[in-house]
Amino acid sequence: MRIEGKEYRTIWFENNIVKIIDQTKLPHKFTIKELKTVNDTINAIKKMEVRGAPLIGATAAYGIVLATLENNDFSFLMKSAEKLINSRPTAINLKWAVDRMMNKLSGVNSEKIFDIAAKEAIDICEEDIKFCENIGLNGLKIIEEIYKKKKDTINILTHCNAGWLATINWGTATSPIYHAHKKGIPIHVWADETRPRNQGANLTSYELNEEGIKNTIIADNTGGILMQRGEVDMCIVGTDRTLSNGDVCNKIGTYLKALAAYDNKIPFYVALPSSTIDWNIKDHSEIPIEERSSKELSHIEGIDENGNIKKIQVYPHKSVSMNLAFDVTPAKYVTALITEKGVCDASSSGLKKLFNK
Ligand code: MRU
């Protein structure tokens, strides 16, 4: 997708270096960062220079590629794989991508290991782009149905950033929006600010602006009243881990939006590639929910009048704060899942029909 009119992907590999858009600097500074070692990729994931479930999976895949350049002894790769998987705990795409890389590399002789790793990481990225594009085409049909009845601007509420910046291209929740916009359907997006890291304001609104899609940033608690006033036609969010029973783990606050949507009879869709499905965990209480530094709550970052990025404290210095990064929306509040294979019920039978598992 575009930034200042130029096409970008969120991650690419050039001259044995991984290049990323440093998302901690957005929206104020557009910076391309180079990752040269597996530890660089681990740090980029931990610091959230790259974030969003599919993108951290792709970064971890490239982490394995860089590890093969540092030391192609399989025990080094195994240790690197474990560190990558543990760099952020909630999004299943991370483990999915690392396991896929390690399965591909197991038994490969050392002369070929880099080439095979590089090809697999590129394949993971290309596949994600294709899957996100298909999610868009499948989601577009839903938007078209709503537009046929309403014949006026469709107001879509989204939470966090499940945009192209969270994937390689297109995004998951935003892909139907981009496809609808390209078809000329008038769209307006309500972008939840998404405290504490403000991915909705800093990333979703930013990327929609760059694509010329109308959007309004709202405080996280505003969605409810907008729904009561009839100002939300549908919600679309992403997910970091969806269970085989249809329960959806996503950015903290998603659950409350789903409850408000349910109470107001507003369709609540979750868009995801199959790499986000956890077929093993049966109960959502087993999902590891990341707890991040409370400083992400007590301090806030912005740009001052001289164009410098500054961090300031906003909470009383004696106050304790708690920063859980994700929550779980039970399947009963999800209208449907939008996947690369089609749209299905958020249930084991719905997912089984599409994925034959
Ligand atoms: O903490 P983040 O910014 O990595 O969280 C991202 C989200 O919660 C997204 O909604 C999710 O990863 C889906 S991305 C297509």
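**Quick word on the overall build of the chain**
Okay, step 1: Each helix and strand in the chain was counted, giving 11 helices and 18 strands.
Okay, step 2: Taken over the C-alpha trace, the chain has a radius of gyration of 20 Å; the compact-globule value for 357 residues is 21 Å, and the two agree within 12%.
Okay, step 3: With the C-alpha coordinates aligned to their principal axes, the bounding extent of the chain is approximately 60 × 55 × 40 Å.
Okay, step 4: Taking all 357 residues of the chain together, the buried fraction comes to 55%.
Okay, step 5: Put simply, of all contacts in the chain between residues at least 6 apart along the chain, 74% involve residues at least 24 apart.

**Concerning the pattern of salt bridges**
Okay, step 1: Following the criterion strictly, the structure yields 23 salt bridges and no others.
Okay, step 2: For the salt bridge of Lys 148 with Glu 145, the shortest nitrogen-to-oxygen distance reads 3.1 Å. With a gap of 3 residues between them, Lys 148 and Glu 145 both fall in helix α5 (residues 113-150), about one helical turn apart.
Okay, step 3: Since its relative accessible area comes to 54%, Lys 148 is described here as exposed.
Okay, step 4: Relative accessible area serves as the criterion here: at 41%, Glu 145 is assigned to the partly exposed category.
Okay, step 5: A single network of salt bridges, built from pairs that share partners, joins Arg 88, Arg 197, Glu 290, Arg 292 and Glu 296.

**What to know about the pairing of strand β11 (residues 248-251)**
Okay, step 1: Relative to β11, strand β10 (residues 241-243) runs antiparallel, the two sharing 2 bridges. Opposite Thr 242, over in β11, you have Val 248 as the bridge partner.
Okay, step 2: Linking β10 to β11, which pair antiparallel, is a turn of 4 residues; within it Gly 246 sits at a positive phi near 95°.
Okay, step 3: Two strands pair when backbone bridges link them, and β11 and strand β16 (residues 326-329) are joined in this way by 4 bridges, in the antiparallel orientation. Residue Val 248 lies in a different strand from β16, and its bridge partner there is Thr 329.

**A word on a nonpolar patch on the surface**
Okay, step 1: A contiguous nonpolar surface patch, about 250 Å² in accessible area, is contributed by Ile 289, Met 322 and Leu 324.
Okay, step 2: Topologically, Leu 324 is positioned in the loop between β15 (309-313) and β16.

**Some thoughts on the sheet that holds strand β3 (residues 11-14)**
Okay, step 1: Strand order in the open sheet formed by 3 strands is β3-β4-β5, with antiparallel pairing between adjacent strands. Looking at strand neighbours, the two that pair on one side only are β3 and β5 (32-35), the edges of this open sheet. Pairwise comparison of adjacent strand axes, ignoring direction, gives a mean angle of 30° for this sheet.
Okay, step 2: Here β3 runs beside strand β4 (residues 17-21); their pairing, made up of 4 bridges, is antiparallel. Opposite Glu 14, over in β4, you have Ile 17 as the bridge partner.
Okay, step 3: Its contacts with the sheet put helix α2 (residues 53-70) on β3, β4 and β5, and the angle it makes with β3 is roughly 20°.

**So, the nonpolar core**
Okay, step 1: Core analysis: the biggest nonpolar cluster contains 72 residues, and Ile 11, Ile 187 and Met 234 have the highest contact counts within it.
Okay, step 2: If you tally residues by element for this core, the top one is α5, at 13 residues.
Okay, step 3: When residues are assigned to domains, this core turns out to be shared by domain 1 (2-127) and domain 2 (143-355), each giving three or more.
Okay, step 4: Discounting residues that sit within four places of it in the chain, Met 234 has contacts with Ile 142, Ile 143, Ile 146, Ile 154, Asn 155, Ile 156, Leu 157, Ile 266, Pro 267 and Tyr 269.
Okay, step 5: In this structure, Val 237, Phe 268, Val 334 and Phe 355 belong to the second largest nonpolar core, which totals 27 residues.

**Comments concerning the domain arrangement of the chain**
Okay, step 1: When its domains are assigned, the chain resolves into domain 1 (2-127) and domain 2 (143-355).
Okay, step 2: Every contact between the two is made by 33 residues of domain 1 and, on the other side, 36 residues of domain 2.
Okay, step 3: Roughly 3,000 Å² is buried in total at the junction of domain 1 and domain 2, and carbon and sulfur atoms are behind 55% of that figure.
Okay, step 4: Here domain 1 is connected to domain 2 by 2 salt bridges.
Okay, step 5: Where Arg 2 meets Glu 211, a salt bridge forms, and the shortest distance between an N and an O atom there is 2.9 Å.
Okay, step 6: Joining domain 1 to domain 2, the criterion identifies 16 residue pairs in polar contact (both at pLDDT 80 or more).
Okay, step 7: At the level of secondary structure, the elements contributing two or more residues to the side of domain 1 that touches domain 2 comprise β1 (2-3), α2 and α4 (92-105).
Okay, step 8: With 4 residues, α2 is the largest single contributor of residues to the side of domain 1 that touches domain 2.
Okay, step 9: Tallied by class, residues from the side of domain 1 that touches domain 2 come to 17 nonpolar, 7 polar and 9 charged.

**As for the sheet that holds strand β7 (residues 187-192)**
Okay, step 1: Strand order in the open sheet formed by 7 strands is β8-β7-β6-β9-β12-β17-β18, with mixed pairing between adjacent strands. Edge positions in the sheet fall to β8 (214-218) and β18 (342-344), since each of these pairs with one other strand and no more. Mean inter-strand twist for the sheet, computed between neighbouring axes without regard to direction, equals 25°.
Okay, step 2: The sheet contact formed by strand β6 (residues 154-158) and β7 spans 5 bridges and is parallel. Residue pairing in the sheet places Leu 157 in a bridge with Trp 190 of β7.
Okay, step 3: Along the sheet, helix α6 (residues 174-182) contacts β6, β7 and β9 (234-237); its crossing angle with β7, the most-contacted strand, is approximately 155°.

About the criteria used
- Residues numbered from 1 in each chain as written.
- Predicted model: local features only at pLDDT ≥ 70, side-chain atom pairs only at ≥ 80, totals over all residues.
- Heavy atoms only, no water.
- Helix = DSSP H or I, 4+ residues; strand = E, 2+ residues; numbered from the N terminus.
- Rg over C-alpha atoms; globule rule 2.2 N^0.38 Å.
- Buried < 20%, exposed > 50% of the residue type's maximum accessible area, 1.4 Å probe, protein only.
- Contact = heavy atoms within 4.5 Å.
- Salt bridge = Lys/Arg side-chain N within 4 Å of Asp/Glu carboxyl O.
- Pairing = 2+ DSSP bridges.
- Patch = residues over 30% accessible without salt bridge, like charges linked within 9 Å, V, L, I, M, F, W, Y side chains within 5 Å.
- Areas by Shrake-Rupley, 256 points an atom, 1.4 Å probe, with all protein chains shown as cover.
- Axes fitted to C-alpha atoms, helices over the stretch in contact; angles between N-to-C directions.
- Core = buried A, V, L, I, M, F, W, Y, C linked by side-chain atoms within 4.5 Å.
- Domains from an automatic or database assignment.
- Buried area = accessible area lost by both parts, 1.4 Å probe.
- Polar contact = N/O pair within 3.5 Å; in protein donor to acceptor, adjacent residues only side chain to side chain.
- Nonpolar A, V, L, I, M, F, W, Y, C, P; charged D, E, K, R; others polar.

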